[in-house]
Amino acid sequence: MNPEMITTSELRKTYTLGGQTIHALDGVSLSVPEGQFVAVIGASGSGKSTLMNMLGGLDSPDSGSVEINGQDIARLGQRRLARFRNETLGFVFQSFQLMPRQTALANVALPLSYRRPKPTDAREKAAAVLGAVGLGDRIDNKPTQLSGGQQQRVAIARALVGDPKLLLADEPTGALDSQTSEDIMQLLVRLGREGLTIVLITHDLEVAEYAQRVITMRDGRIIEDRMNNARVAA
Amino acid sequence: MTLLRLAFGSLMERKLRSLLTMLGIIIGVGSVFAMLAIGNGAKARVLDNFDGLSARTVSLRPQWMGNRSSQARPYRRFNETDLRDLAALPDVEFVSGNLQREETVVAPGTDWTTSVVGSDAYYLRQRDMEMSDGRNLMPEDLEFGRTVTVIGTAASRRLFGQSYPVGQVVTVRKVPFEIVGMVAEKDGEIGWQGDVNDFILIPRTTARSRLFGNDWLVRNQIDNIQVVAKDQAAVAELQRNIDYLLRRSRGLSAADAPDFAARNFAGVQQRQAESTRIFTILLASMGTISLIVGGVGVMNIMLVSVTERTREIGLRMSIGARRGDILRQFLVEAVVLCGIGGLLGLALGYAASQFAERASMQRGEALLQTVTDVPTAALAFGSAVIIGVAFGYLPARRASKLNPVEALRHE
Ligand SMILES: Nc1ncnc2c1ncn2[C@@H]1O[C@H](COP(=O)(O)OP(=O)(O)OP(=O)(O)O)[C@@H](O)[C@H]1O
Ligand SMILES: [Mg+2]
């Protein structure tokens, strides 16, 4: 058995909106071993994004702990947390979040500009990763000159450029048609096979079927956690 | 370096907006630069004029009193007694009294109309002039009313060309004068009276007895007197003493209007400097106000920019930007904005100060002199950079404090 990449215990987060208390996370304990491809599904408002933000150190829990790659990230200071995100994590968002006026290459190279010490081969690395996601011939295009699927590939390349240990993807196919979604999922599956730990958030059961393990959430709790035998075998 | 490129890029994306934002900074830096240039120019000129004896000199001349009909004499001349009394005042280094007329001076074969100055040995010293050949006037020349003269270079050239004047004789109103000395050329200044080197100097007593005649109302009259103080700090006190002395000798009370004028050249210069200072203060306040208005404009546009780019900020945080990185990014952007404005402002300020200098030209001399040098430019440019930091800090700080989750969700 591989060592754990993610360990959370009793994660809680509540929001009060207009006098009403919402338990966005209501005691989530979860562990994910290194190299696993996990999908988290659930209805809208079930707390999926909140969970992902906790895992990425973008948000902090009211109680409970998050350990990623052996580090208790709730205890990291602002600067160490930034470094952790830069070196250990890769984020992929539903809305791509690309810099509209910069080329694909510049977008992909962006995380390396925050790495200390600054790598000297950032552009070469970015070009290589763009090649790996199948966009070797579009490196000088701006996001507006690319299709949705291509833009999401650029975003994935950006998440991969810093050699992360964990890829966090929040509805990466949410804005794409089914054919393009399939291409993106194939890409993620390939990355999973290459040893990357992936947490994929989706509300699409079909998409979740690409993962090795499927976790279902409702009202801030995990209500089901099953292995996807077809994928584990593959 | 990357930060600079980033800042430039983001400003170029919004050229017109950036330019409009810079306007206040441009005008501000422009006026600060013009202010400094004009202020420095005035200071340089004041220093120019203050280093000579003129700053220590009190010039006395009679003042025409047109409306004092009862006393029959419209004004009263100075005389040798006044001169002696003035010389005895405390803190006086020396006094010089003179009479001066335009006369035709005749040399063998030619003549030339020049200024004939009847004065004493101190005349040259008071004017900061030195002898080049022969001797200066001596007390004995005045005592015995000798017909000797000391000649200025311009007058000498007119009368003797290139030949050596000392030892030659010139005639004024049929009175022959022996040239005993020549004054060294004083360069540069062609004053309102013409060339300062165009004169001949003779003993005051000789001028009265042989040339200009003696006033039969005021014996031993003197047209004007220069009183030179030992140092500049004593000038104000000396001026009071002179006023007191002359009023007493003329039987004037402190309330009477004086029939003499005592002027200190430094005072005139100071008044001139004063008016320059007012102009400078005007420019300074204009510059400061423009810089502040410009700064507020920069702050405003940076706040707008932070709001517009909230998602970008969230994304940068998610890929590992520290809060300090975000702060620096926006601060550099504000500073670059102000810096470009500052450069344009320098160009504007330079043009404006050149224009002011040209426009204030009178008889070949600029009333508003400007000194434009690198330190001045650096100071004006520096003020823009400081404005950038000061007014860019708040928006940059706000950007760096954004919550990444909310920033990423921002529409
Ligand atoms: N900043 C916030 N303030 C108040 N309530 C919040 C905030 N963020 C999330 N919530 C609430 O927490 C709950 C969980 O939200 P979350 O975004 O995790 O849901 P989700 O599962 O990602 O939903 P979706 O599939 O629509 O993205 C929701 O009820 C949401 O309204
Ligand atoms: Mg969500």
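In this text the structure is predicted, and so the values were computed from the model without any measurement.

Novice: For the packing of aromatic side chains, give the residues involved together with the corresponding values.
Specialist: Residues and elements named next belong to chain B. This structure, assessed with the given rule, holds three aromatic pairs over all chains. With a centroid separation of 4.9 Å and an interplanar angle of 10°, the aromatic rings of Phe94 and Tyr122 are classed as stacked. With a gap of 28 residues between them, Phe94 in strand 3 (residues 92–107) and Tyr122 in helix 4 (residues 122–126) connect regions that are remote in the sequence. Note on Tyr122: relative accessible area 36%, which makes it partly exposed. Geometry around Phe212 places Arg101 over its ring, the cationic atom sitting 4.7 Å from the centre. Sitting above the plane of the Trp112 ring, Arg158 keeps its charged end 4.4 Å from the centroid.

Novice: Now, about the layout of surface pockets: what can you tell me, with residues and values included?
Specialist: The computed volume of the second largest pocket comes to approximately 1400 Å³. As for the second largest pocket, its lining consists of 46 residues, and the residues nearest its centre are Gln102, Ala106 and Leu110 of chain A together with Leu6 and Arg316 of chain B. Contributing elements (two or more residues each) for the lining of the second largest pocket: helix 3 (104–113) and helix 4 (122–132) of chain A together with helix 1 (2–12), helix 10 (310–318) and helix 11 (323–359) of chain B. The residue makeup of the lining of the second largest pocket, split by class, is 16 nonpolar, 13 polar and 17 charged.

Novice: Give me the lowdown on the side chain of Asn79 of chain B, citing residues and values where you can.
Specialist: Residue and element names in this part refer to chain B. By secondary structure assignment, the location of Asn79 is in strand 2 (residues 78–79). Among the polar contacts made by the side chain of Asn79, one reaches the main-chain amide nitrogen of Thr81 at a distance of 3.0 Å. At a separation of 2.9 Å, a polar atom in the side chain of Asn79 contacts the main-chain amide nitrogen of Asp82.

Rules and cut-offs
Residues numbered from 1 in each chain as written. Chains lettered and ligands numbered in written order. Predicted model: local features only at pLDDT ≥ 70, side-chain atom pairs only at ≥ 80, totals over all residues. Heavy atoms only, no water. Phe/Tyr/Trp six-rings, centres within 6.5 Å; stacked < 30°, edge-to-face > 60°. Helix = DSSP H or I, 4+ residues; strand = E, 2+ residues; numbered from the N terminus. Buried < 20%, exposed > 50% of the residue type's maximum accessible area, 1.4 Å probe, protein only. Lys NZ or Arg CZ within 6 Å of the ring centre and 35° of its normal. 1 Å grid on protein atoms, 1.4 Å probe; cavity = no way out; pocket = protein on both sides within 12 Å on 5 of 7 lines; lining within 4 Å. Points joined across faces, edges and corners; volume = space filled by probe spheres on them. Nonpolar A, V, L, I, M, F, W, Y, C, P; charged D, E, K, R; others polar. Polar contact = N/O pair within 3.5 Å; in protein donor to acceptor, adjacent residues only side chain to side chain.

Taken by themselves, the reported measurements are silent on function.
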